[in-house]
Amino acid sequence: MLLASHILKLECVLCGSSYTPGSVTYTCPNCSPQGTLLVHYDYDQIRWNYHAESRDPSIRRYRPFLPIPYGNRLPPLIAGGTPLYPAERLRKHLNMRNLWLKDETRNPSGSYTDRGAFVATSLALPEERKLVCASTGNSALALSQQAAALGLSCQLFLPLRSARQLAGTLQLCGARIFAIDGSYDDAFDLSVEATAKFGWYNVNIGYNPYIVEGLKTVGLEIAEQLGHAAPDAILVPVADGGLISGIYRGFEDLRQLGIVRQIPRLIAVQTEGAPAFVRSLGNESLRQPEAISPTTQMASLAVGRPHNGAMALRHVRQSGGFGITVSDEALLKARQELAALTGIFVEPAGAASYAALLQLLEEGKIRRQETVVLLATASGQRSGETVEQREDELVTLARGSEGLHSLELQASA
């Protein structure tokens, strides 16, 4: 696979081993699969190309910061360029003059994951590689749309509940859906095994090092929208840990270029029913999250083993941030209040930042005069239940080796 010339090396977040671009496709061979890789760039190239770029407001504006060769065709569905609202009614309600709301519901599929899918499909297109990913829903929706726009094959592994809900929408885009009789983590593991078995191109966050690079454009946009400045804090919902890592990397890129002076305090938000990352963040001796069994009903946050967790732990700690958990009930209440005060209707998990802010204000851990950014991560106006589903095309797989064997039979049929 052709890689961008401004990539200098890949570095394992656990052991620190360095690899030349192209010598490793996914994770560190020494620490796999937990050894996610950081992408290091030639900032002289980025600086020159960034100032030479057009004023396109979308993710294309930040192409010099992305791992996409300039010879690659870009997807036609435009991701990024989402608004940062002052949210005046919310400011007045909370007595916070410097509160901002980043509205990621404005992306093509309605969530921030379109940014990662934009990079994934750009890298897969030249060789028309078959895409595969595991998802609780948002990444699957984003990848299916971006793949359909380019005519790329797309294989999606989802927990059974999510697959049943979203099957109709995903099938309209031509994606092939594998419903896993297990958790998201089971779906992730099976997608990795299938990658090795069939040679598909895996674009899981926390496995493919380049997908987080698409998510960092959230941070790049926030900095630019605030006048090339960093806020005091950004509250970020955490599932696999890709988004919070991406935001850190965006600000770190700008700091390396001398555009911003500091990186904001990153506050990781999880639900009490899936607290693996936050619980591990509080233990300084841990370099990767300890797995738990999720009990939350919030599908987008139901991750027991954050696969980008090692990188996210490193970045949240380096930012001087911390973690917080909120209840499922608090998420639902926050979602309703956020819609009433801003007009933005998010999925329950998308209200995690606001639910956490309310709690942190009460505890005095955020001051009302601080400049704070909340992320509205995904729209609540998407539902596969409104689309006719073709149940005969929904492939249900067991978890683990039994599922992989069934998949082999499917592939050979």
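Model, not experiment: these values are computed from the prediction.

Participant: Got a minute to help me understand the overall build of the protein in this structure?
Facilitator: Counting its regular elements, the protein contains 14 helices and 14 strands. The C-alpha radius of gyration of the protein comes to 20 Å, within 12% of the 22 Å expected for a compact globule of 413 residues. Each of the three principal axes of the protein carries a C-alpha extent, and together these read 60 × 50 × 40 Å. Scored against the burial criterion, the 413 residues of the protein give a buried share of 60%. Pairs at least 24 residues apart make up 70% of the contacts formed inside the protein by residues separated by at least 6 positions. Where the 38 positive side-chain charges of the protein centre and where its 40 negative ones centre are 6 Å apart.

Participant: So what exactly am I meant to see when it comes to the pattern of salt bridges here?
Facilitator: Should their charged atoms come close, side chains of opposite charge can pair. Taken as a whole and assessed by the stated rule, the structure comprises 17 salt bridges. A salt bridge links R317 to E284, with the shortest nitrogen-to-oxygen separation between them at 3.7 Å. Of this pair, R317 sits in helix 11 (residues 309-318) while E284 sits in the loop between helix 10 (276-281) and helix 11, and the two are 33 residues apart along the sequence. A relative accessible area of 60% means that E284 is categorised as exposed. Shared partners join several salt bridges into a network, and the residues in it are K102, E104, R115 and E221.

Participant: What am I meant to see in helix 5 (residues 160-172) here?
Facilitator: It helps to recall that an α-helix has 3.6 residues per turn; residues three or four apart then point in one direction. Here helix 5 is 13 residues long and its end C-alpha atoms lie 18 Å apart, about the 18 Å a rise of 1.5 Å per residue gives. At L166, helix 5 is bent by approximately 60 degrees, the largest bend along its length. Listing the buried residues of helix 5 in full gives L160, S162, A163, L166, A167, G168, L170 and Q171. In the stretch just after helix 5, G174 is the one whose phi turns positive, near 85 degrees.

Participant: Help me out: how do you make sense of the sheet that holds strand 4 (residues 84-85) in this one?
Facilitator: Across a sheet, strands are paired by hydrogen bonds formed along the backbone, either parallel or antiparallel in direction. Spatially, 4-5-13-10-11-12 is the arrangement adopted by the six strands of the open sheet, whose pairing is mixed. Among the strands making up the open sheet, the edge pair consists of strand 4 and strand 12 (322-326). Across five bridges, the pairing between strand 10 (residues 233-237) and strand 11 (residues 265-271) is parallel. Each residue of the ladder has a partner; that of A233, found in strand 11, is R265. Along the sheet face, helix 8 (residues 217-225) touches strand 4, strand 5 (99-103), strand 10 and strand 13 (372-376) and points at about 135 degrees away from the line of strand 5.

Each value, and the rule that gives it
Residues numbered from 1 in each chain as written. Predicted model: local features only at pLDDT ≥ 70, side-chain atom pairs only at ≥ 80, totals over all residues. Heavy atoms only, no water. Helix = DSSP H or I, 4+ residues; strand = E, 2+ residues; numbered from the N terminus. Rg over C-alpha atoms; globule rule 2.2 N^0.38 Å. Buried < 20%, exposed > 50% of the residue type's maximum accessible area, 1.4 Å probe, protein only. Contact = heavy atoms within 4.5 Å. Lys, Arg positive; Asp, Glu negative; His and termini not counted. Charge placed at Lys NZ, Arg CZ, Asp CG, Glu CD. Salt bridge = Lys/Arg side-chain N within 4 Å of Asp/Glu carboxyl O. Expected span 1.5 Å × (residues − 1). Bend = angle between axes of the 7 residues up to and from the residue. Pairing = 2+ DSSP bridges. Axes fitted to C-alpha atoms, helices over the stretch in contact; angles between N-to-C directions.

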